[in-house]
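Secondary and tertiary structure notes
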Amino acid sequence: MELFGITGTEYIGYLASFMVLLSFTMKDVKKLRLVNMSGCILFIVYGFLMPTLRIGLPIIIANAAILAVNVFYLLKSAK
């Protein structure tokens, strides 16, 4: 699927980048973490959509680790 010469996979990558960028504009740490987590999830999906896992694996690993850090601190602050 292409729209304006951009594939669906690329759109997911752009949306993921936008979500991470948007998270850095947040003042509320909880909102920041939630928006950043959505960006991380999109980047993980994007990594799995790469032509081979060898290309996508660094994206998947890095964003899974960031996602885990966000979840940890969200749960820690909820106590």
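First, a word on scope: everything that follows refers to the structure included in this document. (Residues numbered from 1 in each chain as written. Predicted model: local features only at pLDDT ≥ 70, side-chain atom pairs only at ≥ 80, totals over all residues. Heavy atoms only, no water.)

This brings us to a nonpolar patch on the surface. Taken together, the side chains of Leu 3, Phe 4, Tyr 11 and Tyr 14 present a nonpolar region at the surface, about 500 Å² in accessible area. Mapped onto the fold, Tyr 11 is located in helix α1 (residues 8–23). (Patch = residues over 30% accessible without salt bridge, like charges linked within 9 Å, V, L, I, M, F, W, Y side chains within 5 Å. Areas by Shrake-Rupley, 256 points an atom, 1.4 Å probe, with all protein chains shown as cover. Salt bridge = Lys/Arg side-chain N within 4 Å of Asp/Glu carboxyl O. Helix = DSSP H or I, 4+ residues; strand = E, 2+ residues; numbered from the N terminus.)

Now for helix α2 (residues 29–48). Taking 1.5 Å per residue as the helical rise, α2 with its 20 residues ought to reach 28 Å, and the 28 Å between its terminal C-alpha atoms agrees with that figure. For α2, the full list of buried residues reads Arg 33, Val 35, Asn 36, Met 37, Gly 39, Cys 40, Phe 43, Ile 44, Tyr 46 and Gly 47. On its buried face, α2 is in contact with α1 and α3 (53–78). If you check the start of α2, you find a side-chain oxygen 3.2 Å away from the backbone N of Lys 30, and it comes from Asp 28. (Expected span 1.5 Å × (residues − 1). Buried < 20%, exposed > 50% of the residue type's maximum accessible area, 1.4 Å probe, protein only. Contact = heavy atoms within 4.5 Å. Polar contact = N/O pair within 3.5 Å; in protein donor to acceptor, adjacent residues only side chain to side chain.)

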